[in-house]
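Topology and contacts: notes
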Amino acid sequence: MSFTMSRFSWVEVEAHQLEHAKALHSWDEVNLGYLTYEEAKAEADRCLQCGTPYCQDGCPNHNPIRDFIALVQEGRLVDAALLDWQVNPLASCTGRVCAWEKQCEGYCVVRNEGDPIRIGLLERYLGDYALKHLDEIDLSSWVGEGHGEKVAVVGAGPAGMAAAWFLARKGYQVTIYESWYLYGGVMSYGIPEYVLPQRVIDLEMEKILRLGVTLKTGIRVGKDITIQELKEKEGYDAIFIATGANQPATPGVPGEDLPGVMTAKDFLMKATEHLLAKDYSLPDPGPVPVGRRVVVIGAGDTAMDAVRTSLRLGAEEVYVCYRRTEELAPSRTPEIAHAKAEGGRFIYLVNPTRFIPGPDGRLAGVEFVRMQLGEKDASGRQKISPIPGSQFVLECDTAILAVGYRPETDLAEATPGLEVANWGGIVVDQDGHTSLEGVFAAGDCVTGAKTVIHAVHAARHAAEALHHYLMAKRQDPLALLEAATVG
Ligand SMILES: Cc1cc2nc3c(=O)[nH]c(=O)nc-3n(C[C@H](O)[C@H](O)[C@H](O)COP(=O)(O)OP(=O)(O)OC[C@H]3O[C@@H](n4cnc5c(N)ncnc54)[C@H](O)[C@@H]3O)c2cc1C
């Protein structure tokens, strides 16, 4: 097949990468993206500017990909970012952590014959460029005309940050309440520095605060102040809950509480707190000891982050142990590739049956049973079952459990009338309105563990619905006109 556009190439412009050998001895970002405009432009020039931009269908937030790429082609990088920020205020984050291969890039038509346009790298490039030039961007026209209403956002992860951005743009006085020391949610304490540096999240938050948003950290809603108090004592007209899904699941086998067994959340959070303690004045939990051999159970993004972090903390051998196969692993393909390139070893079709203590009472090994794939279930996923008598023991110093998360229950328990599902997720209607009047929710606390861009999209949708709720309350005629356009 031939193509006549002179600038077109089927081959992508490759991003710069930190050498894996160097990466293991530093916490620096490994994927460095495009370093010059020439590189970004050459990649943008490969975009066919399709009449129907299928890439946007592949994005859970329907980012305006085709049009921001056109602006990159023209060298209008700030305009490209402003266009993206209309719907995605976390472009520099999603440009680093999205599963592009399954989302936007997976839908790019160029993929049929060559490399898809590297949409993630371009979004990261334009987002970073605009954040670097934030002082030159006048965001004042982005703040909507206010009517004095106050909105409290609970949680400063991607859903809470996005909600604050969209609500401030509607003119509300927004205050974010965050229980941790820092903002960013899982992007800060889960996704490691070498994937998404905190300085990037700092700038994204700085941008949001420039819309007049107030941020209060170290306050746990439900414990330090209740939802009812926010409404009745603090006078908030509406509340937006974005508390995520941060309760780690465990495999439920004997020995999980042995010293040396930890959840990926605790492990990654401590590693981050130690790393950032000095620069951000955080309490320092000290270095996390991992020993010589680490076993990571699970094969999602969290597991890959645990592998790569363990290697940086000095572990000599790190094994990913997963009950299905690599093709069925939930992690992003590039994350598995990074974990392998940095030295992670993979054992598939194994399930832990017990954690075994040594003479000192600490973890000494994990017993596994081998698994086999069987028939497909109703959802099309192959069932797995243990192979009788196939148990074996893998000796190790540390075991890290990365088998999923569900929402914490403390806020719901402290909030009478807030309906939650059996598994802990907050129940909302199609617009993100909870069972409590004027209380909306979005992100992982509603859906269970998903992704950053899903959290942004859900927050955008629920923020719009919250806006309609408040307009209707003040009997704003616009509310009636716009009511049909929510979404
Ligand atoms: C280790 C790891 C790696 C991941 N890697 C990726 C990836 O590569 N790409 C991707 O797209 N997604 C990834 N994810 C998933 C992604 O990070 C989440 O889907 C996303 O952060 C959800 O956003 P959220 O705002 O709903 O929740 P969160 O990010 O969990 O934010 C919730 C915030 O609310 C705060 N909070 C909780 N309770 C309260 C309370 N009662 N009062 C006040 N504040 C409270 C929390 O401290 C937190 O800051 C990863 C997740 C993990 C755990």
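Please read these numbers as outputs of a predicted model, since none were measured by experiment. For every chain, the first residue of its written sequence is number 1, and the numbers climb from 1 along that sequence. In keeping with the predicted nature of the model, local features appear solely for residues at pLDDT of at least 70, side-chain atom pairs appear and are counted solely at 80 or more, and the whole-chain, interface and lining totals rest on all residues. Hydrogens and water are ignored here; the side-chain numbers use all heavy atoms of the structure.

A positive phi angle is found at Q49, which is not glycine, with a value near 50 degrees. The residue Q49 is located in the loop between α2 (37–44) and α3 (54–58) in this model. For every residue, the accessible area obtained with a 1.4 Å probe (protein chains only) is divided by the maximum for its type, and the residue is called buried under 20%, exposed over 50%, and partly exposed between those limits. Classification of Q49 as partly exposed rests on a relative accessible area of 27%. Each helix is a run of H or I in the DSSP string that is no shorter than four residues. Each strand is a run of E no shorter than two, and both are numbered from the N terminus.

Turning next to the pairing of strand β16 (residues 398–401). Consecutive side chains of a regular strand alternate in pointing toward one face of the sheet and then the other. The alternating pattern of β16 places T398 and I400 and A399 and L401 on opposite faces, both of which are buried. Strand direction decides the pairing type here: strand β8 (residues 261–263) and β16, joined by three bridges, are parallel. Bridge pairing links T263 to L401 in β16. Only strands that DSSP links by at least two bridges are regarded as paired with each other. Across four bridges, the pairing between strand β9 (residues 293–297) and β16 is parallel. Bridging across to β16, V295 finds its partner in A399.

On to the side chain of S331. Secondary-structure assignment places S331 in the loop between β10 (317–322) and α15 (333–341). Assessed through its relative accessible area of 4%, S331 is described here as buried. We call two residues in contact whenever any of their non-hydrogen atoms come within 4.5 Å of each other. Here S331 is in contact with K102, A299, G300, D301, M304 and I336, once residues within four sequence places are set aside.

Another aspect to go through is the packing of helix α14 (residues 301–312) against α15. Every axis corresponds to a line fitted to the C-alpha atoms, with the helix fit spanning only the stretch in contact, and the corresponding angles, defined between N-to-C directions, vary from 0 to 180 degrees. Direction vectors running N to C along α14 and α15 enclose 20 degrees, while the axes themselves pass 9 Å from each other. Classified by the angle between their axes, α14 and α15 sit roughly parallel to one another. Viewed along their axes, α14 and α15 form a crossing whose handedness is left-handed. Here D301, M304, D305, V307 and R308 of α14 lie close against α15, whose contacting residues are E335, I336, H338 and A339. Classes in brief: Ala, Val, Leu, Ile, Met, Phe, Trp, Tyr, Cys and Pro nonpolar; Asp, Glu, Lys and Arg charged; the others, Gly included, polar. Class assignment for the residues of the contact of α14 with α15 results in four nonpolar, one polar and four charged. What sets the label is the angle itself: under 35 degrees gives roughly parallel, over 145 gives roughly antiparallel, 65 to 115 gives roughly perpendicular, and the rest give oblique. Handedness of a helix crossing follows the sense of rotation of the near helix relative to the far helix, less than a right angle counterclockwise being left-handed and clockwise being right-handed.

Note on pairing: side chains with opposite charge can pair once their charged atoms come close. Any Lys or Arg side-chain nitrogen found within 4 Å of a carboxyl oxygen on Asp or Glu counts as a salt bridge. Tallied over the entire structure, the rule returns 31 salt bridges. When the shortest N-O distance is used, the salt bridge between D45 and K41 registers 3.1 Å. Given a relative accessible area of 6%, D45 falls into the buried group. The network of salt bridges with common partners includes E29, R96, R124, D128 and R199.

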